[in-house]
Amino acid sequence: MNLPKIPLGEWIEKLEDWMTANFAPLFDFITLVIGAMVDGIETALLLVPALLLILLIATLAYWVAGWKIAAFAFVGLFLIDNLALWEPSMQALSLVLTAAVISVLAGVPVGILCARNNTIRNTVTPVLDFMQTMPAFVYLLPAVTFFSLGVVPGVIASIIFAIPPTIRLTNLGIRQVPGELVEAADAFGSTPAQKLFKLQLPLAMPTIMAGINQTIMLSLSMVVIASMIGAQGVGALVYRAVTQVKLGIGFEAGIAIVIMAILLDRLTQNAFKKK
Amino acid sequence: MSIIEVRQLTKIFGPDPARAGRLLNEGWSKEKIYKETGMTVGVNKAEFSIRQGEIFVIMGLSGSGKSTLVRLLNRLIEPTSGQILFGGADIVRMNPEQLRQLRRKNIGMVFQKFALFPHRTVLGNVEYGLEVQGVERRKRKELAMNAIRLVGLDGWANSLPDQLSGGMQQRVGLARGLANDPDILLMDEAFSALDPLIRKDMQHELLLLQSKMKKTIVFITHDLDEALRIGDRIALMKDGSIVQIGTPEEILIQPADKYVERFVEDVDLSKVLTAAHVMFQPQTVTPERGPRVALQLMRDNGVSSLYVTDTEKKLLGIITADQAAMALREKRTIQEVMQTDVPWVPPTALLNELFEMMAETRLPVAVVDNREKLIGIILKGAVLSALAGNPVPEAGGVS
């Protein structure tokens, strides 16, 4: 028996065309907002002299995570500046921060909805699986179609790739709140919102923060891929070094990403431990 | 006066409660319904009323449905059918907002595993119920501190729950249940997770608190001793049904069926029955009537001593046949020969507190109320008979 090939690819392309035709204003609006966010953060980061910002971040690290991380922040960031990678690093950082902020703002509420309703959870879970396992390059394509080249489709692709842990762990954290505590909150006449804000979110916070930490790490891992569709920054340097087989430049840019990754990880991990 | 009336309250767990309800009405047993349909009858047509100010104990072994029953009262578990009448309203029919108000204002709850919020201090836990009602900060702190003081935790207000011992944690649970001054306090196995000594202390303290607060308390337990110690009335549950409701004495002395009988057979009655239970109304004599009348009364009643009271029944002393005879011979009055140092107990004394006194005296023990009136006497035979589980004929006949 010889079944004809299901034209899945054609359908997807038709859907892409249809969406481009009908949702263009929405995509333009999203492009505008995200573009402005990235630009804003980047401008702010570069407005401050590098050395001053290094000191500020080291101070923050000391306050949040102790002197070891502070020392690492100072030396690491100083190295980035010394390698003349400061500006591209800050460009990459602003992409990461934008993607992370949007992921948290959207991911936590979706996670809460999943925790409250099994139908929503059962619908969302396979979508999250899809987002995490579909190779990132594949959704770079529609991102470019909808949002053209540049940093915005990079942010979108980062969000798609990075948002699942926040949703999953918010859901998990809330569901892990012991049933007897939820029962007690009910027994004293809490509204659903009171129960959420006074009991479930505070107790789920460590788990949610672990999800946010993962989200930030994953969006950082997207900076190189995002550079393939025109996002500027240290990721673009890595990408160029690869295409031109320049190990030295690639290594320098790679080190800058590693330093930022370790810093973001330690800072977000310790931010909630203290509480 | 009853504060809650429960009628035909039923809870069935499973996909088609209506069908299981019909089968129940056709007389199917809990096991048969479970076998045939896979549905579980949690509570089977419970019917009782709770009186204002009493400690109503719901007792049963695990799986008997007692924890389900108490959760039906504030609808932490939704009833399948039946009514719970409270202040003219049916709790079963309340909408979510009415139910919330009921839980906030009228029904407090204390949980077996304390269920304290670990991220809130003792104060934060105790004021939770007030906080969700929107009581303003200063007022709720004041009320919460009162509740904390009431349970003896002053000085711990700013500690976190996991810094406290089990007993102290449950005091916090109790304070949280009391902070908004509810009409009814539900206590679900509240002391079961505590070790035996602490548990006894807590029972004692609950009774002490209760003598001041006069709350209506619904207390769930699987422990008969606990039920007997603190319950004004006890409802015994088996397989989701209530098999008997009565005072501790009624349950012990007149078990409704073989199940209750087996349940209570190991109870140490001497720790439950009181002097009032075994005493009977004695023949007494007033001093004015003289030794001759006293002797005559003793002869008529076949006793060898008589308690002497004034006309108000105030206890004066006791006179034996020998003393009366001596008074007659020497022409003295009853007051001159009677013995004023008599063994006596209050009516609330437990039988096991009587043993030593009864061993030391040959006289019947006097039962004296708080106005020094003689309300009864206790003979050794009556105590032994009661401990053997026999009803005491005169019990209750004495006021």
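Being a predicted model, the structure only gives us computed values, none of them experimental.

**Brief notes about the pairing of strand β13 (residues 315-320) of chain B**
Residues and elements named next belong to chain B.
- Buried residues dominate β13, accounting for five of its six residues.
- Bridge count between strand β12 (residues 305-309) and β13: five bridges; the pairing is antiparallel. Counted as the bridge partner of Leu306 is Ile319 from β13.
- Linking β12 back to β13 in an antiparallel pair, the connection comprises five residues, with Lys313 at a positive phi of about 75°.

**Observations concerning the interface of chain A and chain B**
- Opposite the 18 residues of chain A that make contact, chain B presents 22 residues.
- For the pairing of chain A and chain B, the buried interface totals around 1700 Å² over both sides, and the portion due to carbon and sulfur atoms is 63%.
- The largest per-residue losses of area from chain A upon contact with chain B belong to A:Glu183, A:Phe188 and A:Lys198, which jointly make up 40% of the total buried on that side.
- For the interface between chain A and chain B, the tally reads two salt bridges.
- When the shortest N-O distance is used, the salt bridge between A:Glu183 and B:Arg71 registers 2.6 Å.
- Here chain A and chain B share eight residue pairs in polar contact (both at pLDDT 80 or more) between them.
- Counting residues per element, the ones that place at least two in the side of chain A that touches chain B are α8 (179-187) and α9 (192-221) of chain A.

**Thoughts on the side chain of B:Glu226**
All names here are of chain B.
- Turning to its location among the elements, Glu226 is positioned in helix α10 (residues 224-230).
- Among the polar contacts made by the side chain of Glu226, one reaches the side chain of Thr221 at a distance of 2.7 Å.
- Residue contacts for Glu226: discarding those within four places in its chain leaves Phe191, Arg199, Gln203, Phe219, Thr221 and Gly231.

**Details of the environment of A:Trp63**
- As for its position among the elements, A:Trp63 is in helix α2 (residues 50-65).
- A C-alpha to C-alpha distance of 9.8 Å links A:Trp63 and A:Leu267, two positions 204 residues apart in sequence.

**Overview of the domain arrangement of chain B**
- Domain annotation for chain B reports domain 1 (2-106 + 182-267) and domain 2 (276-387).
- When each unit is reduced to the centre of its C-alpha atoms, the spacing between domain 1 of chain B and domain 2 of chain B is 44 Å.

**Here we look at the nonpolar core**
- In this structure, B:Val126, B:Leu174, B:Met187, B:Phe219 and B:Ile378 are the most contacted members of the largest nonpolar core, which totals 65 residues.
- Looking at this core, the element that brings in the most residues is helix α8 (residues 166-178) of chain B, giving five residues.
- Looking at which domains feed residues into this core, each of domain 1 (2-106 + 182-267) and domain 2 (276-387) of chain B supplies at least three.
- Once residues within four sequence positions are removed from consideration, B:Ile378 is found in contact with B:Ala275, B:Val278, B:Met279, B:Val345, B:Leu354, B:Met358, B:Pro364, B:Val365, B:Val367 and B:Val383.
- Membership of the second largest hydrophobic core comes to 62 residues, among which are A:Ile163, A:Ile208, A:Ile259 and A:Leu263.

**Let's talk about helix α6 (residues 136-147) of chain A**
All names here are of chain A.
- A rise of 1.5 Å per residue sets the reference length of α6, with its 12 residues, at 16 Å; its end C-alpha atoms lie 16 Å apart and thus fit the reference within 8%.
- Regarding α6, the residues found buried are Ala136, Tyr139, Leu140, Ala143, Phe146 and Phe147. Axial view of α6: buried residues confined to an arc of 135°, hence all on one face.
- Those residues of α6 hidden inside the fold are in contact with α1 (8-47), α5 (118-133), α7 (151-175) and α10 (223-227).
- Backbone geometry just after α6 places Ser148 at a positive phi near 55°.

**A short note on the packing of helix α14 (residues 290-301) of chain B against helix α15 (residues 321-330) of chain B**
Residue and element names in this part refer to chain B.
- The geometry of α14 relative to α15 is characterised by a closest axis approach of 9 Å and an angle of 145° between their N-to-C directions. Between α14 and α15 the crossing geometry is left-handed. Contacts between α14 and α15 involve Pro291, Arg292, Leu295 and Met298 from the first element and Ala321, Ala324, Ala325, Ala327 and Leu328 from the second.

**Looking at unusual backbone geometry**
Residue and element names in this part refer to chain B.
- Even without being glycine, Gln8 reaches a positive phi, approximately 50°.
- Within the element layout of this structure, Gln8 appears in strand β1 (residues 2-13).
- In this model, Glu372 sits at a positive phi of 65°, which is unusual for a non-glycine residue.
- Along the chain, Glu372 falls in the loop between β15 (365-368) and β16 (374-378).
- Given a relative accessible area of 48%, Glu372 falls into the partly exposed group.

**Concerning the confidence of the model for chain A**
- Overall, the prediction assigns chain A a mean pLDDT of 90, with 98% of residues at 70 or greater.
- Per-element mean pLDDT across chain A ranges from 82 in α6(A) up to 95 in α8(A).

**Regarding the UniProt feature "transmembrane region" (unreviewed entry) in chain A**
All names here are of chain A.
- As annotated by UniProt and renumbered to match this structure, "transmembrane region" (unreviewed entry) occupies residues 20-38, 45-63, 93-116, 136-163, 215-239 and 245-264.
- In the segment residues 20-38, helix accounts for 100% and strand for 0%; the C-alpha atoms at its two ends are 23 Å apart.
- End-to-end, the C-alpha atoms of residues 136-163 are 13 Å apart, and along that stretch the chain is 89% helix and 0% strand.

**Quick look at the pattern of salt bridges**
- Following the criterion strictly, the structure yields 20 salt bridges over all chains and no others.
- We note a salt bridge from B:Asp181 to B:Lys215, for which the minimum N-O separation is 2.5 Å. Residue B:Asp181 is located in the loop between α8 and β7 (184-188), and its partner B:Lys215 is located in the loop between α9 (196-213) and β8 (216-221); the two are separated by 34 residues in the primary sequence.
- Overall, B:Lys215 belongs to the buried group, its relative accessible area being 9%.
- A cluster of three or more residues bridged by salt bridges with shared partners is formed by A:Glu183, B:Arg71 and B:Asp188.

**Some words on the sheet that holds strand β3 (residues 55-59) of chain B**
Residue and element names in this part refer to chain B.
- The strand order across the open sheet built from six strands is β6-β7-β8-β3-β9-β10, with neighbouring strands paired in mixed fashion. Pairing within the sheet leaves two strands with one partner each, and these edge strands are β6 (107-110) and β10 (241-246). Sheet twist, expressed as the mean angle between neighbouring strand axes with direction ignored, is 20°.
- Note that β3 and strand β9 (residues 233-238) share four bridges and pair parallel. From the neighbouring strand, Ile58 faces β9, where its bridge partner is Ala235.
- Across the sheet, α8 lies against β6 and β7, angled at about 175° from β6, the strand it touches most.

Calculation rules
- For every chain, the first residue of its written sequence is number 1, and the numbers climb from 1 along that sequence.
- Think of it this way: whatever chain is written first is A, whatever ligand is written first is 1, and the rest follow in order.
- Thresholds applied to this predicted model are a pLDDT of at least 70 for local features of residues and 80 or more for the giving and counting of side-chain atom pairs; totals over whole chains, interfaces and linings are not thresholded and use all residues.
- Based on all heavy atoms of the structure, the side-chain values leave hydrogens and waters out of the count.
- Residue exposure (1.4 Å probe, protein chains only): buried if accessible area is under 20% of the type maximum, exposed if over 50%, otherwise partly exposed.
- Note on conventions: DSSP H or I runs of at least 4 residues are helices, E runs of at least 2 residues are strands, and numbering of each starts at the N terminus.
- Two strands make a pair as long as DSSP finds a minimum of two bridges between them.
- Any two residues having at least one pair of non-hydrogen atoms within 4.5 Å are treated as being in contact.
- When two components associate, each loses some accessible surface as probed by a 1.4 Å sphere; the sum of these losses over both components is called the buried area.
- Salt bridge, as used here, is a side-chain nitrogen of Lys or Arg placed within 4 Å of a carboxyl oxygen of Asp or Glu.
- Any N or O atom pair separated by 3.5 Å or less is treated as a polar contact, with the protein-specific requirement of one donor-capable and one acceptor-capable atom, and with residues adjacent in sequence counted only for side-chain atom pairs.
- In this entry, domain limits derive from an automatic or database-based domain assignment.
- Side-chain atoms within 4.5 Å link the members of a nonpolar core, which is a set of buried Ala, Val, Leu, Ile, Met, Phe, Trp, Tyr and Cys residues.
- Helix span is expected to be 1.5 Å times the residue number reduced by one.
- What the arc measures is the spread of directions leading from the helix axis to the C-beta atoms.
- Every angle, taken between N-to-C directions, lies between 0 and 180 degrees, and every axis is a line fitted to C-alpha atoms, over only the stretch in contact when it is a helix.
- Each helix crossing is assigned a hand: it is left-handed if the near helix lies turned anticlockwise from the far helix by less than a right angle, otherwise right-handed if that turn is clockwise.
- A score from 0 to 100, pLDDT tells how confident the predictor is in each residue.
- UniProt positions are given in the numbering used here, feature names are shortened, and annotations may be inferred rather than shown by experiment.

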